[in-house]
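Topology and contacts: notes
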Amino acid sequence: MIRQTPYNKNNEPKNNSEHSANRALPLSGEPEGASGASFISHSLSLPLQSVSAVLTLLNEGCTIPFISRYRKERTGGLDEVQITDISELYDRLKELGKRKETILKTIREQEKLTPELEARIHACMDSTELEDIYLPYKPKRRTRAQIAREQGLEPLALAIMEEAQKPTAPSRSPEGGKEAPPNLPERGGDKLASILQKYQGRAKESLSSRVRIGTPPLSGRLGGASFPLSGRSGGALALDIIAEIVSENQQARNTVRTAYQRGAVITSKVIKKMKDTDEAQKFADYFDFSEPLRRCNSHRLLAMRRGEDQGILRVSITIDGEECISRLTRQFVRGHGVCQTLVSQAVEDSFKRLINPSIENEFAALSKERADEEAIKVFTENLRQLLLSPPLGQKRVLALDPGFTNGCKIACLDEQGNLLHHEIIYPHPPRNQVRQATEALQRMINTYKIEAIAIGNGTASRESKEFVETSLTPHPPLRRERGSEASPNPSERRGVPIPPHLSKELASLSPSPSGRSGGASIFLVSEDGASIYSASPVAREEFPDEDVTTRGAISIGRRLMDPLAELVKIDPKSIGVGQYQHDVDQSKLKHSLDQTVMSCVNQVGVNLNTASLHLLTYVSGLGPALARNIIDYRREHGAFTSRAQLKKVKRLGDTAFQQCAGFLRIPNAKNPLDNSAVHPESYHIVEQMAKDLKCTIKDLIGNKKLLAEIDVKRYLTPSPLSEGRGGVKPPPTP
């Protein structure tokens, strides 16, 4: 029979859990930087050379939009999503590295750091595994095990664990043939007896107390020494040490993690005193709800957690505890005997009091984190679609912010979004000033040559849309048929349905003399966040003399003209395109939304001469300070005529110019490339192409026939990814 190695804190098994996320082993012997690149490459299934190139560019201060568009030859053509994944995982590894430094410093101060332990910590690439390694050395409050150690019981606890690992066969009592706990082997019994007697000689309390602590009192003969095990006796205190050792064992914790991965069930129950409250009714689906954790969708988990935070629900994650205790016992106990029974009791206590609550909290946090990631993903995708909505373009717009009691706020904007006129009309109840409102609407459309009408989709939006459509519909003169009278009901004219409260007022109106009122297109526009914008410092700075209602109407009109330029002024969380946005991790949400806005802004490009401060802030390589400097330069020197002028902006150096230039456009610039996505560093390549084709750059841009004649191979240069293999790279992406 192969005997188990006696238990020792230094020979704990390494982490074999499937719990580790993105689990991959770095190549041994590599320096830390290369090891990180290797880990990222393995985790994301990307070429190591490409990952290393991306990390180098990120460390040089390059932004993700710049790398994905203008450094394809160095990254092997990785797209923006892949580069973002690399950046995020690299950030997590950097945080893990900082945590390693803290752990090593703490263990070194305890003078317990061995070369093997240090190497193990350096090789660890998973935060959960790292915390498991650190757990035995982590400073703790004064626990029950610490009290027992202070009384000199650690040698006794370790000796009991060592004896429990020695297989023994069950013995039978002389009477009745029933099984009875055998005496320990002679040498083990003598060893335990000597340790126990040494403790008894200096004990500060009696070992004969019989206070029950949840397990039946047990005593055995250890080499002639009585060993009581209840209350706060020496035996019970020794079991506290064993329980803590078990709870800090990596293999034991991974056993419980595996049980949670396979069979954890999340359960929510309503708190009785809250069941009948109005606040609780929105959580009625979760008053008595349970589901396997691995099948629980993010929106359900976030709903339960919100109910828990509001004190309405009680949420728990549970597993089959008896089966888990049985598995743990088999790890620490071999055979039958007094020590085996003691360790079994300590294992059960460790699971119930220490391991299970810890792993439950761990999985609660892990499931919440995954739900947050899913919710943030939905939020960012919805935000991307909204920001990249097709703009109406430079047209004169009448923006209408609908309302009942307070009326409909109207703002007329020119092609650049500047305010021309604003007023309030009251076409709806309770005032029902339909005639005056219709005349005012037609007057504004004709006076300011309105080409499109933007209606907010909030309260009274449907009624306002019906009113506008009716107002813009020409009504032909009524004809009298012989033997009958014309119907006085305008709703019968041309088949146009008119709300009852508008029919009487519109009956006497004639069509607009100019006829322009019928030519304006009508659009419903989301007004989410408009009220937030109207009261923000940004709106006050833009329109210091207007009230919040006018600012809100202006925002609605500008959203139709250019959604991206207007929505960047608003906190993305206020746009209303996410789920449970106030329940997810706010720092992660802000980071993801900011990255999404930056991606959209740089994908579309920015007009350098008309972009607002907030739009420029999201351009690659810029920030609030440089964006402000660009605005100041533009105000002082007039419009930019070339990208090269950016270098004259205060504090905008070569690095910032390299990062931002390709994303800034200058319409009608002297050099046509200044209004394209071609980066200034590649101008010479395009110029050479035009020279070889004997045409101008202006003729070359957009001319499919000339572009088809370009022989790309003539302009290739050696590629960093293929040097040494005789390869070449394309020129920097225009």
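Residues numbered from 1 in each chain as written. Predicted model: local features only at pLDDT ≥ 70, side-chain atom pairs only at ≥ 80, totals over all residues. Heavy atoms only, no water.

Here we look at the overall build of the protein chain
For the protein chain, the helix and strand inventory stands at 29 helices and 14 strands. Looking at the protein chain residue by residue over its 734 residues, the buried ones come to 47%. A total accessible area of about 37,700 Å² is found for the protein chain, and carbon and sulfur atoms account for 50% of it. (Helix = DSSP H or I, 4+ residues; strand = E, 2+ residues; numbered from the N terminus. Buried < 20%, exposed > 50% of the residue type's maximum accessible area, 1.4 Å probe, protein only. Areas by Shrake-Rupley, 256 points an atom, 1.4 Å probe, with all protein chains shown as cover.)

A closer look at the layout of surface pockets
Here the largest pocket is characterised by a volume of approximately 1,900 Å³. Taken together, 43 residues make up the lining of the largest pocket; nearest its centre are Glu 88, Arg 92, Glu 369, Glu 373 and Lys 588. Of all elements in the fold, only α1 (32-44), α5 (80-109), α7 (127-134), α15 (338-387) and α23 (586-604) reach the threshold of two or more residues within the lining of the largest pocket. Of the residues in the lining of the largest pocket, the class split is 12 nonpolar, 12 polar and 19 charged. (1 Å grid on protein atoms, 1.4 Å probe; cavity = no way out; pocket = protein on both sides within 12 Å on 5 of 7 lines; lining within 4 Å. Points joined across faces, edges and corners; volume = space filled by probe spheres on them. Nonpolar A, V, L, I, M, F, W, Y, C, P; charged D, E, K, R; others polar.)

A word on the pairing of strand β7 (residues 313-318)
Only one face of β7 is buried, namely the one carrying Leu 313, Val 315 and Ile 317, since none of Arg 314, Ser 316 and Thr 318 on the opposite face is buried. The pairing of strand β5 (residues 265-270) with β7 spans 6 bridges and is classified as antiparallel. Bridged to Ser 268 within β7 is Val 315. (Pairing = 2+ DSSP bridges.)

Observations regarding empty space enclosed by the protein
Counted by the stated rule, this structure contains 1 cavity of 30 Å³ or more. When its volume is computed, the largest cavity comes out at roughly 40 Å³. If you trace the largest cavity, you find it lined by Leu 383, Leu 387, Leu 567, Val 568, Ile 570, Pro 572, Ile 575, Val 597 and Tyr 618. Its residues placed into classes, the lining of the largest cavity shows 9 nonpolar, no polar and no charged.

Regarding the packing of aromatic side chains
The full count for this structure, using the stated rule, is 5 aromatic pairs. On the numbers, 5.4 Å between centres and 75 degrees between planes, the contact of Tyr 286 with Phe 289 is edge-to-face. A relative accessible area of 11% places Tyr 286 in the buried class. The buried category is assigned to Phe 289, whose relative accessible area is 17%. A network of ring pairs unites the aromatic residues Phe 66, Tyr 70 and Phe 663 as a single cluster. The positively charged end of Arg 431 is found above the aromatic ring belonging to Tyr 426, 4.0 Å away from the centroid. Taking NZ or CZ as reference, Lys 647 lies 4.8 Å from the ring centre of Phe 657, over its face. (Phe/Tyr/Trp six-rings, centres within 6.5 Å; stacked < 30°, edge-to-face > 60°. Lys NZ or Arg CZ within 6 Å of the ring centre and 35° of its normal.)

What about the pairing of strand β6 (residues 288-292)?
Residues of β6 alternate between two faces, with Phe 289 and Glu 291 buried on one and Asp 288, Ser 290 and Pro 292 left unburied on the opposite face. Strand direction decides the pairing type here: β5 and β6, joined by 5 bridges, are antiparallel. Pairing of Ile 266 across the sheet is with Glu 291, part of β6.

Quick notes on the packing of helix α16 (residues 434-447) against helix α17 (residues 461-472)
For the pair α16 and α17, the least separation of the axes is 10 Å and the interaxial angle reads 65 degrees. It follows that α16 is roughly perpendicular to α17 by the angle criterion. The interaxial crossing formed by α16 with α17 has right-handed handedness. Every residue of α17 that contacts α16 at Val 434, Ala 437, Thr 438, Leu 441, Gln 442 and Ile 445 is listed here: Phe 467, Val 468, Ser 471 and Leu 472. (Axes fitted to C-alpha atoms, helices over the stretch in contact; angles between N-to-C directions. Parallel < 35°, antiparallel > 145°, perpendicular 65-115°, else oblique. Left-handed = near helix turned anticlockwise from the far one by under 90°. Contact = heavy atoms within 4.5 Å.)

Re the sheet that holds strand β9 (residues 408-413)
Spatial ordering of the open sheet is given by β10-β9-β8-β11-β12, a layout of 5 strands whose pairing is mixed. This sheet does not close on itself; its edge strands, each paired only once, are β10 (419-425) and β12 (521-525). The average undirected angle you get between the axes of adjacent strands in this sheet is 20 degrees. Pairing between β9 and β10: 6 bridges, direction antiparallel. Bridge pairing in β10 links Cys 408 to Ile 425. Sitting on the sheet, α16 is in contact with β8 (397-401), β9, β10 and β11 (452-456), with an inclination near 170 degrees to β10.

What to know about the packing of helix α12 (residues 250-263) against α15
Packing of α12 against α15 leaves a shortest axis separation of 10 Å and a crossing angle of 55 degrees. Between α12 and α15, the angle is such that the two are oblique. Once α12 is placed against α15, the crossing between them reads as right-handed. Within the contact between the two elements, α12 uses Ala 252, Arg 253, Val 256, Arg 257, Tyr 260 and Gln 261 and α15 uses Phe 351, Ile 355, Asn 356, Ser 358, Ile 359, Glu 360, Glu 362 and Phe 363. Each residue belonging to the contact of α12 with α15 can be placed in one class, and the counts come to 7 nonpolar, 3 polar and 4 charged.

With respect to unusual backbone geometry
Put simply, Pro 429 and Pro 430 share a cis peptide bond, and its omega is 10 degrees. Relative to the helices and strands, Pro 430 resides in the loop between β10 and α16. Residues other than glycine seldom take positive phi values, yet Lys 449 does so here, at roughly 50 degrees. Tracing the sequence through the fold places Lys 449 in the loop between α16 and β11. The backbone of Ala 460 shows a phi angle near 70 degrees, a positive value even though the residue is not glycine. Within the secondary structure, Ala 460 is located in the loop between β11 and α17.

Some thoughts on the confidence of the model for the protein chain
Per-residue pLDDT for the protein chain has a mean of 81; in total, 78% of the residues score no lower than 70. Mean pLDDT across the elements of the protein chain ranges from a minimum in helix α18 (residues 500-506), with 41, to a maximum in β5, with 96. Across residues 722-728, where pLDDT falls below 50, the model places 10 contacts with residues more than four positions away in sequence or in other chains. (pLDDT = per-residue confidence, 0-100.)

Concerning the pattern of salt bridges
As enumerated under the stated definition, the model contains 37 salt bridges in all. Residue Arg 462 is joined to Glu 466 by a salt bridge in which the shortest nitrogen-to-oxygen separation is 3.6 Å. With Arg 462 and Glu 466 both in helix α17, this residue pair falls 4 residues apart, about one helical turn. For Glu 466, a relative accessible area of 28% puts it in the partly exposed group. Taking the shortest distance from any N to any O, the salt bridge between Glu 542 and Lys 569 comes out at 3.1 Å. One end of the pair, Glu 542, is in helix α20 (residues 537-542); the other, Lys 569, is in the loop between α22 (563-567) and α23, with 27 residues separating them in the sequence. On the accessibility criterion, Glu 542 (31% relative accessible area) is partly exposed. Lys 569 gets classed as buried once you look at its relative accessible area, which sits at 12%. (Salt bridge = Lys/Arg side-chain N within 4 Å of Asp/Glu carboxyl O.)

Some details on helix α27 (residues 683-692)
Buried within α27 are the following residues: Tyr 683, Ile 685, Val 686, Met 689 and Ala 690. Seen end-on, α27 carries its buried residues on one side only, within an arc spanning 165 degrees. Summarising the geometry of α27, the exposed residues directed more than 90 degrees from the buried face are His 684 and Lys 691. Its buried side turned inward, α27 meets α28 (697-700). (Arc of directions from axis to C-beta.)

Some points on the side chain of Ser 620
Examined against the element boundaries, Ser 620 turns out to sit in the loop between α24 (613-617) and α25 (624-637). Other than its neighbours up to four places away in sequence, Ser 620 contacts Thr 63, Pro 65, Phe 66, Asn 602, Gln 659, Cys 660 and Phe 663.

Some details on the sheet that holds β6
Strand order in this open sheet of 3 strands is β6-β5-β7, and the pairing throughout is antiparallel. With one partner strand each, in any of the chains shown, β6 and β7 form the two edges of the open sheet. On average, each strand axis in the sheet is tilted by 15 degrees relative to the strand beside it, whichever way the strands run. Sitting on the sheet, helix α13 (residues 298-309) touches β5, β6 and β7, and the angle it makes with β7 is about 125 degrees.

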